Amino acid sequence: MSLIRRGSAFDPFSLDVWDPFQGFPFGSSSGSLFPSFPRTSSGSEVAAFAGARIDWKETPEAHVFKADVPGLKKEEVKVEVEDGNVLQISGERSKEQEEKTDTWHRVERSSGKFLRRFRLPENAKTEQIRASMENGVLTVTVPKEEAKKPDVKPIQITG
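Residues numbered from 1 in each chain as written. Predicted model: local features only at pLDDT ≥ 70, side-chain atom pairs only at ≥ 80, totals over all residues. Heavy atoms only, no water.

Draft legend 1. Region of the structure containing the pairing of strand S9 (residues 137-143). Of all seven residues that make up S9, six are buried, and the element is covered over most of its length. Where strand S4 (residues 62-68) lies against S9, seven bridges are found, and the strand directions are antiparallel. Residue pairing for S9: Phe65 is matched across the bridge by Val140. In this structure, strand S8 (residues 130-134) lies alongside S9, joined through five bridges in antiparallel fashion. Counterpart to Met133 in the pairing with S9 is Leu138. Turn length for the S8-S9 hairpin, with the two strands adjacent in sequence and antiparallel, is two residues, and the turn residue Asn135 shows positive phi of about 55°. (Buried < 20%, exposed > 50% of the residue type's maximum accessible area, 1.4 Å probe, protein only. Helix = DSSP H or I, 4+ residues; strand = E, 2+ residues; numbered from the N terminus. Pairing = 2+ DSSP bridges.)

Structure representation (structure tokens):
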């Protein structure tokens, strides 16, 4: 299990690897260290969209993941559970078709694949996961099992 830096804290449940070189013009180290990471022919296309921003909060009833996926349809996003306790959120934004007659002045919207994985805690009810998407925000709700109360058995004191 690896650690990802989020502000000044580490997320022990994440399978993501923090890449200190992400966004630098000389490239990212993740291409050579992690060849299974989804990539297209142009690494810069993926780099901009690969880090889909995801919030994870825990409520008394559930773990709630919210992912910003603007411009994607629900058919272009996949939510899966691997190995019984790894939540995987992935998708792809296709590059816009270019017409020979078009003149582009600026291209800032990113395209490419993204993939995020989160190791779920033991109290997650993975068979009851729900996902919905509204206004470019994917919400994945993972219900939690109720905390087991310890079985207390009183012992009679003699003497």
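Next comes the rest of the description.
Draft legend 2. A look at the sheet that holds strand S5 (residues 77-82). Across the sheet, three strands lie side by side as S5-S6-S7; this open sheet has antiparallel pairing. Only two strands of the sheet have a single partner each, and these edge strands are S5 and strand S7 (112-119). Each strand of the sheet is rotated relative to its neighbour by a mean of 15°, with strand direction disregarded. (Axes fitted to C-alpha atoms, helices over the stretch in contact; angles between N-to-C directions.)

Draft legend 3. Examining the environment of Lys95 more closely. Structurally, Lys95 can be placed in the loop between strand S6 (86-93) and S7. Note on Lys95: relative accessible area 49%, which makes it partly exposed.

Draft legend 4. Layout of the sheet that holds strand S3 (residues 54-58). Taken in spatial order, the four strands make up an open sheet running S3-S4-S9-S8, and their pairing is antiparallel. Each of the sheet's edge strands pairs with one partner strand only, and the pair in question is S3 and S8. Across the sheet, the axes of successive neighbouring strands diverge by a mean angle of 15°, strand direction being ignored.

Draft legend 5. Representation of the pairing of S6. The buried count for S6 comes to seven of eight residues, which makes it a mostly enclosed element. Taken together, the six bridges between S5 and S6 define a ladder with antiparallel strand orientation. Across the sheet, Lys78 pairs through a bridge with Ser90, a residue of S6. Between S5 and S6, which follow one another and run antiparallel, lie three residues, and Asp83 among them has a positive phi close to 50°.

Draft legend 6. Here's a closer look at the nonpolar core. In terms of nonpolar packing, the biggest core is built from 16 residues, with Phe65, Ile89, Leu138 and Val140 touching the most fellow members. Elements supplying a minimum of two residues to this core: S4, S6, S7 and S9. At three residues, S9 tops the list of elements feeding residues into this core. If we skip the residues at most four places from it in the chain, Val140 touches His63, Val64, Phe65, Val79, Leu87, Ile89, Ile129, Arg130 and Ala131. (Core = buried A, V, L, I, M, F, W, Y, C linked by side-chain atoms within 4.5 Å. Contact = heavy atoms within 4.5 Å.)

Draft legend 7. Here's a closer look at the side chain of Lys144. Here Lys144 lies in the segment after S9. With relative accessibility at 15%, the residue Lys144 sits in the buried group. At 2.7 Å, the side chain of Lys144 and the side chain of Glu58 are in polar contact. A distance of 3.0 Å separates the side chain of Lys144 from the backbone oxygen of Thr59, its partner in a polar contact. (Polar contact = N/O pair within 3.5 Å; in protein donor to acceptor, adjacent residues only side chain to side chain.)

Draft legend 8. Just the packing of aromatic side chains, in detail. Taken as a whole, this structure holds three aromatic pairs when the rule is applied. Geometrically, the ring pair formed by Phe65 and Phe118 is tilted, given 5.2 Å between the ring centres and 45° between the ring planes. With Phe65 in strand S4 and Phe118 in strand S7, the pair connects residues that are 53 residues apart, well separated along the chain. The exposure classification of Phe65 matches that of Phe118, with both residues buried. (Phe/Tyr/Trp six-rings, centres within 6.5 Å; stacked < 30°, edge-to-face > 60°.)

None of the figures reported here should be taken as evidence of function without further support.
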